[in-house]
Amino acid sequence: MSEVDQSLLYQEIPIYSNLSHITQRCKEISVEEASEGTIDAENCSFPDAGGGIKVSVGGDERNVFWRTHGDVLELQERSLNFPVSVIYRITFRNSKALPSVHISPKANCLHVLCGTLHGVHRLVFDLSTRKANAQSIFHSLGARDFSDPGNSFYFNDVMMLTGMNSAVLDPSSGRAATSLFALISASGNINLVRMPASGPCTTSHLEASSRVTRLLRGINPWSSGTESEAICSVAFAGVNTEEPKILVICKDYRVCVWSCKNSKSYDHLCQLQMSEYVEDQVTKIGNEHRIVTCRDDAADRECVCVFLKLEENSLFVAFEIGEGGEMKHVATVQSPSNDNDSLTTTLVDFKLSPDDCLWVMTVNADDQMALSVCNIHQQNWHEVALDNLPSQELSPVAHMTVRETFIDELFMSGKFSHRSIAKALAIATRSSVVCNTTEELRASVIAHLEEEVSNLLENTSTFEEVNGTQLSVFSTFYRTCLQYQLYFSRPVGFSLPAHDGVDVVKKDHISYLSPVPDLEAVCLGVQPSVFKDVLPEGSNLEDFGKLLHCLSNLSLLLGEELIDDMMQSLPFTESPNDCVETHLPNIRQIISSARSEEFEDGLVSISDFLSAVGMLVSCLDPSPFEPEGVDQENMCGLNEEGIELLARSFSRYIKDRLRLSLLLFILTIHVDEIRGMVSSQVALHVQAYTALNWIASAETEYISRGTLEVSLQNLSVHEMLSTTQQLQQNAVVSRASLLYYYLKCDGSRLLSSFINFNGVLTKQLIPKATAAITKVLWPLGPTFAFPQFLLQNAQYSNLEHYLGHMLQPWCKYQPSFTSYLLAQCHLNNGHYDKAVDGFIGAVELVHEDEHFLAAVLGTVSDSTSRFDIQMLYFNKVIDLFEQLELSEQVIRLAKCAITFSLHDDKSLALRYSTTFRQCLALERYEQAFWAIASNPNYDYRKNCLRSLVIKLFENREYKKLVEFSYGDMQNEFVGIMEERARSCEVPLTSHPTQYDLLHAFHIFRKNYRRAATMMYEQYWRLMTDAVLNANQALQSLHRQHQCLVVTVSCLLLVDQENQYVVHRCDYLNNTDKTKNGSSIIIKEAADIQKEIMLMGAKMKLARDASDLLPNANHSPSETVALLTHAAYYDDAFTISRKFDLKMKSIFRSVATRCVYSSYLDSDEVRKWLKKNKNDVQLGHGFLKPADSAWLLLKKYLHEMATNEDYRAVLDILLGFRAHLPTWFINIYKKLNCPELIRSLICYDYLELATKLSVDFVNGVLGVRPADFGIRNTLLKYKHPVWLPRNEIQMLINLLEEKQSEEDQFFEMYESLCDKMEEYTTTLKKLEVH
């Protein structure tokens, strides 16, 4: 095996700018080069060309690329650190762009030289004032820059051109530098245009053959030039020296050199015949010779490389050019193409680097690119490992639908550019497609294809028909995309910056070249000594190299298709062994049928197979990195291009390692004697790289607003404030590469931790950065950053697939953290029981997972005991479920936590309280009380019982509240209920109240006197509530009445000696206390019954007498007054008798109403009469209301009146000058006739007084004495007889005075005097006897 130079091994990393799903912006510039018809531009055609150069702007390395195709020149600036990837597309109308652009960055100036069929242009951009984070270098570029006379030159004569080259002479002078354009005419001559910094442009004409050279060559010097003397290509050398030179290669294999020292004339220095370096005789002239130059500043030399297009094997001849133009041969190198394809391959571009490496880019007849490099001294060609082209045909993948297979291949594989898919869609829809983002393009493609499928299907199509139609439609569109992708991937050139990797310029995108990693390099033939510092000392590197060579041969034997098929099936099998066992018969058949001696001999030649496999396994592990400790506060984020380059480099790196580990696993199984020893260890690496390969190809999931809220809530529970802010900033993630999104969010922090990354990404850092990413994402540790990132960014589906399908059960790293994260996924997906199982499964080893302790619990295992860690973990998880109001799951977690804290009363109290709260939320009251009873902390038990009481009361579970068996917590329950009842107002509308429940509670337990006490306390509360009595008097009185009735009912159920209640009113700060100042009130049943009667009267007043609303605090006397005023005389008399009150006021009121009844309307009188049940009615019903009123008064007087009450009635009647009823006079004269006579005299009732006086004297004389209640008369004189002489004498005197006024008074005087004389005569007779 020939030795391979590792420094020449590269692999292609294409940048399609589609992982970020952000399309490139384009600025269109139109330049009017000439009027129509000046030159028939349509007849001129040039091949597409491209190139570039590296520019340093403010410390940032940027790449400037150019492309020419047709009449368009594209300039694009690319950076790995800042978003400056805008394409400036200049269209030269009525002309064609020449396929050569020279870019020179010197002295803070960027010179861009270009040409068209009608002229040449110079663009100068200032780099001194720009910073790395500023806008693009070309941001000020516009059409006016091509009309500047000092920087543009248009041809006067019409001429056809075949090529051009240009250079900046003395570029170190900056803007003062002169530009030189060398234009190759169709006749094969050179037209030079010298464009100074200031002043007019000058033109010159050069021919490849002068008369002297013709004479020396035996050609007629005066004849015109032949076709063989025509110039094929031109180059410049020594542009930094005092004597710049122009070099050309002619069709007749001559290289001619001119000096550009004199700006007015160009001296021919020398010419060199190249045919002497060709082994075979040249029989035909060449039309495709090319020449390039290269400057080696370190060695202060300049080299020239000439490409000679021959019939069979083309050559590259390298020279070193001296100061005088002499050319010293250095090397002749055969073309990398073999004999069979030399005629079908086309040279696209070639360059010679300062380190004598020759880079050659070719395409074959199928437009397949090949990029080769060799050292011109060693002449050993190395092919660049190009990116794999998309598959020609695509079949549905297992576990995926047709649509998912094709859409993922187009948009997520990274093999198709945005432009190629958009072009295919435009062809399919026959319309223009405008999609600014890849997400919009994806939606448009899906919509179009689904519409096509629906148009071809019938309503009754079977599943097989639908599947076949989908496959046909999607395959057709896929082939169209593939054609455009191949077209846009055609190379047009490459750039070769000094001391930097090669950049390949293609029609639609750019590809970077990255060095091949060491392990893959050894597989390609590099000596394994590169691992002598990595592998342990004394390792057999020869066996190691032979093993890798065997794996390379095995890869060739099995073929790419079989290996790719196995790699695709790995994620869907339980283990790599199952995958390989499925294909093992086929693999062994291939190996046995191939009979590869090289493979068998190489396998046998390994002296210690186990040791070699062990060395390879250790190399497959990511190399250890220690954090650099770089300050990350001022880290700037990577831009889209830098992230995509990292992502694609990582993806290729992982695929190569997965392929290598899979081949090693196949080999270990093939070699039976070591199958059980190391295959399990190799399988572990296969699974790890399979998981990394999934990361590289996975797609982000869209975050809905509901998921966002839950994620923010979860993060807030875990106190991840910084990640919460990050999630809010990247709240809604559109579909993009998951790896890209991860690097976008955490790329700078990741790189600054593992490599010497100062915030500026360069291509030299890509290999180290790729290895650092692999180390961070390695499933077996030492970090767990990626799963944490998925959790913090709400990528739950991806997290569940990664941990649940890609890692479990084989990966044992951080098992508790893994279980915890999977539980978070189940929680987000609504699988709450699975989430609880996951959280519980994580608790056993949670104290051993350092990443979990730091990220979730915020602690370390060294400073916290295992028990404290587990309790802290349960606190976090239970808080999370409580925030989400998942009571059922909280109960499970709390019960599990109880099993871990059986000997810690503090923790038990907390867990039982949690269980109680959730049982209460689920209305499982028996379980809730079990949690109360099990709680070892009395304060917690009482607080939980209070919550239970409140919950039962709020849910109207009154029966359970009353009948629940509280056990030894019964006194606490009563205390809580009493406290709640006394701390809140007593409602009137909602029933039952808490007092009612306490009453029912005591009744249920046959504690009747305690029940009566509660009801009486409720009555007292209602009675003393002034606001309630003022606003809802009737309702309050009604409720008070009920309370008193229930109180008496309860007291009647106990012994008579215990029929009383004791009420304390000091808790209300009530000033109404007994006479001795005590706050304790004792009420017997009889007293309460009186209060019931009083309350009934108050209710009647509140209901019927709205003008005078009674107050609950009104005393009995006040209530009687209100009843009297409202004409409720029956109730007033009843209350007065019960409370021993005087009834004088009542009789006065009745008498007053009787007086007024004689003058009022009968309806009004009848209205107040109906309020009293003692209303007297006759059977015939013809009694007037006024008469009924008098009869009612008579009845009241007869039943309840005293002498004082009669006197009060008399005063009322006399005061109103009312006619005294006969029955009243008859009654009164029996009770106290002298008083009646005296009152009549006072109120001037003289006639009635005279009549009563006469009748009273007659009674004394023995005439009807019973009418006056006289027991002893003069007729039966046994005892002294009393006569109201004072009143009679007063009346006589008054009548004597008035007898002269009217005859009536005289008659009354005479009759009274006569009667008194009769009394005196009779008395004297009796005294004599």
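Residues numbered from 1 in each chain as written. Predicted model: local features only at pLDDT ≥ 70, side-chain atom pairs only at ≥ 80, totals over all residues. Heavy atoms only, no water.

*Asks:* What's the story with the pattern of salt bridges in this structure? I'm lost.
*Replies:* Charged atoms that come close allow side chains of opposite charge to pair. In the structure shown here, the tally under the stated rule is 45 salt bridges. Of the charged contacts in the structure, one is a salt bridge between arginine 62 and glutamate 77, with a shortest N-O distance of 2.5 Å. Remark: glutamate 77 occurs in strand E5 (residues 72-79) and arginine 62 occurs in strand E4 (residues 60-69); sequence separation between them is 15 residues. Classification of arginine 62 as buried rests on a relative accessible area of 0%. Of the residues examined, glutamate 77 reaches a relative accessible area of 0% and is grouped as buried. Across the pair arginine 1238 and glutamate 1287 runs a salt bridge, and its minimum N-O distance is 2.4 Å. With a gap of 49 residues between them, arginine 1238 in helix H41 (residues 1222-1242) and glutamate 1287 in helix H43 (residues 1285-1298) connect regions that are remote in the sequence. Residue classification places glutamate 1287 among the buried residues on the basis of a relative accessible area of 11%. Salt bridges here are not isolated pairs; linked through shared partners, they connect Glu28, Arg67, Glu74 and Arg89. (Salt bridge = Lys/Arg side-chain N within 4 Å of Asp/Glu carboxyl O. Helix = DSSP H or I, 4+ residues; strand = E, 2+ residues; numbered from the N terminus. Buried < 20%, exposed > 50% of the residue type's maximum accessible area, 1.4 Å probe, protein only.)

*Asks:* Would you explain the confidence of the model for the protein in this entry?
*Replies:* Caution is warranted with low-pLDDT regions, since their predicted coordinates should not be read in detail. The pLDDT averaged across the protein works out to 82; a share of 88% of its residues lies at or above 70. Segment residues 215-224 is flagged for pLDDT under 50; beyond a separation of four residues in sequence, or across chains, it makes 14 contacts in the model. For the stretch residues 627-635, pLDDT sits under 50, and the model shows 17 contacts to residues farther than four places along the chain or on other chains. (pLDDT = per-residue confidence, 0-100. Contact = heavy atoms within 4.5 Å.)

*Asks:* Where do I start with a nonpolar patch on the surface in this structure?
*Replies:* A cluster of nonpolar residues, Val1062, Ile1080 and Ile1082, forms a patch on the protein surface that exposes about 250 Å² of accessible area. Turning to its location among the elements, valine 1062 is positioned in strand E30 (residues 1060-1064). Overall, valine 1062 belongs to the partly exposed group, its relative accessible area being 35%. (Patch = residues over 30% accessible without salt bridge, like charges linked within 9 Å, V, L, I, M, F, W, Y side chains within 5 Å. Areas by Shrake-Rupley, 256 points an atom, 1.4 Å probe, with all protein chains shown as cover.)

*Asks:* I tried to follow the packing of helix H29 (residues 970-983) against helix H30 (residues 994-1004) on my own but got confused; where do I start?
*Replies:* A pair of packed helices can be characterised by two numbers: the angle between their axes and the separation between those axes. At a minimum axis distance of 9 Å, the contact between H29 and H30 shows a crossing angle of 155 degrees. Between H29 and H30, the angle falls in the class roughly antiparallel. Seen along the crossing, H29 lies across H30 with a hand that is left-handed. Judged by residue contacts, Gln970, Phe973, Val974, Met977, Glu978, Arg980, Ala981 and Arg982 of H29 engage Gln994, Tyr995, Leu997, Leu998, Phe1001 and His1002 from H30. When its residues are assigned to classes, the contact of H29 with H30 shows 8 nonpolar, 3 polar and 3 charged. (Axes fitted to C-alpha atoms, helices over the stretch in contact; angles between N-to-C directions. Parallel < 35°, antiparallel > 145°, perpendicular 65-115°, else oblique. Left-handed = near helix turned anticlockwise from the far one by under 90°. Nonpolar A, V, L, I, M, F, W, Y, C, P; charged D, E, K, R; others polar.)

*Asks:* Explanation requested: the environment of leucine 1101 in the structure shown.
*Replies:* Summarising the element assignment, leucine 1101 is placed in helix H34 (residues 1085-1104). By relative accessible area, leucine 1101 is classed as buried at 1%.

*Asks:* How should unusual backbone geometry be read in this particular structure?
*Replies:* A negative phi angle characterises most non-glycine residues, just as the trans form characterises most peptide bonds. Omega for the peptide link from glutamine 808 to proline 809 comes to 0 degrees, which places this bond in the cis form. Following the sequence through the fold, proline 809 ends up in the loop between helix H19 (796-807) and helix H20 (815-829). Here the phi dihedral of aspartate 170 falls at roughly 50 degrees; this positive angle occurs in a residue that is not glycine. Its place among the elements puts aspartate 170 in the loop between strand E11 (161-169) and strand E12 (178-185). Under the relative-accessibility criterion, aspartate 170 is labelled partly exposed at 38%. One non-glycine residue, glutamine 814, lies in positive phi territory at about 50 degrees.

*Asks:* I would appreciate a short explanation of a negative patch on the surface in the present structure.
*Replies:* A surface patch of negative charge is lined by Glu1296, Glu1297, Glu1301, Glu1302, Asp1303 and Glu1307. With respect to the helices and strands, glutamate 1302 occurs in the loop between H43 and helix H44 (1303-1328). A relative accessible area of 41% places glutamate 1302 in the partly exposed class. (Lys, Arg positive; Asp, Glu negative; His and termini not counted. Charge placed at Lys NZ, Arg CZ, Asp CG, Glu CD.)

*Asks:* Sorry if this is basic, but what is going on with the side chain of asparagine 63 here?
*Replies:* Topologically, asparagine 63 is positioned in strand E4. Note on asparagine 63: relative accessible area 6%, which makes it buried.

*Asks:* Where do I start with the packing of aromatic side chains in this structure?
*Replies:* Centre-to-centre distance and the angle between the planes together describe a pair of aromatic rings. Applying the stated criterion across every chain, the model contains 49 aromatic pairs. Aromatic pair phenylalanine 307 and phenylalanine 316: ring centres 5.0 Å apart, planes at 40 degrees, arrangement tilted. On the basis of relative accessibility, which here comes to 1%, the residue phenylalanine 316 falls in the buried class. Pairing phenylalanine 307 with phenylalanine 350 gives two aromatic rings, centres 6.1 Å apart and planes at 50 degrees, and the pair type is tilted. Of this pair, phenylalanine 307 sits in strand E20 (residues 301-308) while phenylalanine 350 sits in strand E23 (residues 346-352), and the two are 43 residues apart along the sequence. (Phe/Tyr/Trp six-rings, centres within 6.5 Å; stacked < 30°, edge-to-face > 60°.)

*Asks:* Would you take a moment to explain the nonpolar core for this structure?
*Replies:* Burial of nonpolar side chains together is a common tendency in soluble globular proteins. Core analysis: the biggest nonpolar cluster contains 135 residues, and Leu616, Tyr820, Phe839, Tyr873 and Phe881 have the highest contact counts within it. A total of 16 residues in this core trace back to one element, the largest contributor, which is helix H12 (residues 640-670). Every residue in contact with leucine 616, bar those within four places of it in the chain, is listed here: Leu519, Phe544, Leu547, Leu548, Leu551, Leu660 and Leu664. Counting residues in hydrophobic clusters, the runner-up holds 73 residues, among them Tyr1128, Met1200, Val1257 and Ile1292. (Core = buried A, V, L, I, M, F, W, Y, C linked by side-chain atoms within 4.5 Å.)

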